[in-house]
Amino acid sequence: MRSTEGGTVVAVLAVPGAYALDLGVAVHVFSRYPGYRVVVCAEDAGAAAPGESAPGESAAGESAAGELRPTRGPEAVAGADVVVVPGYEDPLSPLPEGCAAALREAVGRGARVIAICTGVFALAAEGLLDGRAATTHWRYTAALRERHPRVDVVENRLFVVDGPLVTTAGAGAGIDACLHVVRAEFGAVAADGVAKEVVASPARDAREPQFAELPAASRENLRATREWVLGRLGSPVTVQEMADHALLSRRTFIRRFTRETGMPPMRWVTSQRILLARRLLESSDRPVERIAAASGFGTAGHFRAVFRREVGVTPSAYRAAHPLPERPGPASQRAATASATS
């Protein structure tokens, strides 16, 4: 992903009938971090003078309230690094040609595109999801599969990442997808800070389900067990210990944990250890050996192997791409790592 001198440009494409909540989620999340500049675009929007700050465009740290009115036409998408398509009321209706052309151009040049909720239909209608995996709100998965059979529809997921394309369930999952993009480009610490600003969980994984039809008491037990594990990631932990903590048999625990989080227990533990390691690499000068121990990977060799498998680069390369203020690193390395972790 490329960045401009003024920051990474996020274009939120307000298609006809766009849900204000979905549009607001993207503006609010991305405007919380100084690396982004957000602009809202629509087919019939008026244009502001070049370089002029206008309603509908916000720099990081500014309030998103009152800045949701589009002031750029869809042609502004051509200069964006990230394009967001909110959900809209009639996902079976065709897009205006300007919006459709903007999406084709964005996907064609490899921009990162986030489709929230029914926004996935905008991409699917242009054939941009053919052969790719995608999800949407659970109410619309059957319609997406029926109308666009070439799309690999993934049910009951918060969001799905297929290359530079991110598709999500409802507005809540849109927050998670936007945080995923912040984490991919600027690191886990940056995403944690944005999550704190918008009062959202920084740790929800793409594989978590949209819903889980489980008894309330069982869900509470598993939530408490996950929190217990998060408090001791640097120590050995087994599935049996987790099951004992949840007061469940091993078999029942694995089944319920997988339904609730979207992944088996130890796969989830590994993902949380990787996230902790990323935070430590970004925010400290600890040697790799100490980070390996602190995040529960044991030896440095094992840590390097797992980190490279999960993130796509070595711990040292990741640290170089996310430097501390006193440890500068080339912007090109940051861009390479962002692509590797998407």
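Note that this is a predicted model, so its numbers are computed, not measured. (Residues numbered from 1 in each chain as written. Predicted model: local features only at pLDDT ≥ 70, side-chain atom pairs only at ≥ 80, totals over all residues. Heavy atoms only, no water.)

## Observations concerning the packing of aromatic side chains
Next, step 1: By the definition in use, this model includes 10 aromatic pairs.
Next, step 2: Ring centres 4.8 Å apart and planes at 50° place the aromatic pair Y33 and F186 in the tilted group. Here Y33 is found in the loop between α1 (20-30) and β2 (36-41), whereas its partner F186 is found in helix α5 (residues 171-186), with 153 residues between them in sequence.
Next, step 3: Seen from their ring centres, F121 and Y140 are 6.4 Å apart, and the 80° between their planes marks the pair as edge-to-face. Taken as a pair, F121 in helix α3 (residues 120-125) and Y140 in the loop between β6 (133-134) and α4 (141-147) lie far apart in primary sequence, 19 residues in all. (Phe/Tyr/Trp six-rings, centres within 6.5 Å; stacked < 30°, edge-to-face > 60°. Helix = DSSP H or I, 4+ residues; strand = E, 2+ residues; numbered from the N terminus.)

## Let's talk about the confidence of the model for the chain
Next, step 1: Here the chain averages 84 in pLDDT, while 80% of its residues score no lower than 70.
Next, step 2: Highest mean pLDDT in the chain belongs to strand β5 (residues 112-115) (97); lowest belongs to helix α14 (residues 331-340) (41).
Next, step 3: Every residue in residues 47-55 scores below 50 in pLDDT, and together they form 10 contacts with partners more than four places removed in sequence or on other chains.
Next, step 4: Predicted confidence for residues 213-219 stays below pLDDT 50, and this span has 8 contacts to residues more than four positions away or in other chains. (pLDDT = per-residue confidence, 0-100. Contact = heavy atoms within 4.5 Å.)

## Re unusual backbone geometry
Next, step 1: The phi torsion at C117 lies on the positive side, around 55°, for a residue other than glycine.
Next, step 2: Take C117: its relative accessible area is 7%, and that puts it in the buried class.
Next, step 3: Even without a glycine there, the phi angle at L247 is positive, about 60°.
Next, step 4: Here L247 is to be found in the loop between α8 (239-245) and α9 (250-261). (Buried < 20%, exposed > 50% of the residue type's maximum accessible area, 1.4 Å probe, protein only.)

## Observations regarding helix α6 (residues 188-197)
An α-helical segment advances 3.6 residues per turn. Residues three or four places apart therefore align on the same side.
Next, step 1: Turning to α6, its buried residues number three or more, namely A188, A190, A191, D192, V194 and A195.
Next, step 2: Buried-residue contacts for α6 involve α1, α5, α10 (265-283) and α13 (315-321).
Next, step 3: Positive phi shows up at V199, right after α6, with a value of about 55°.

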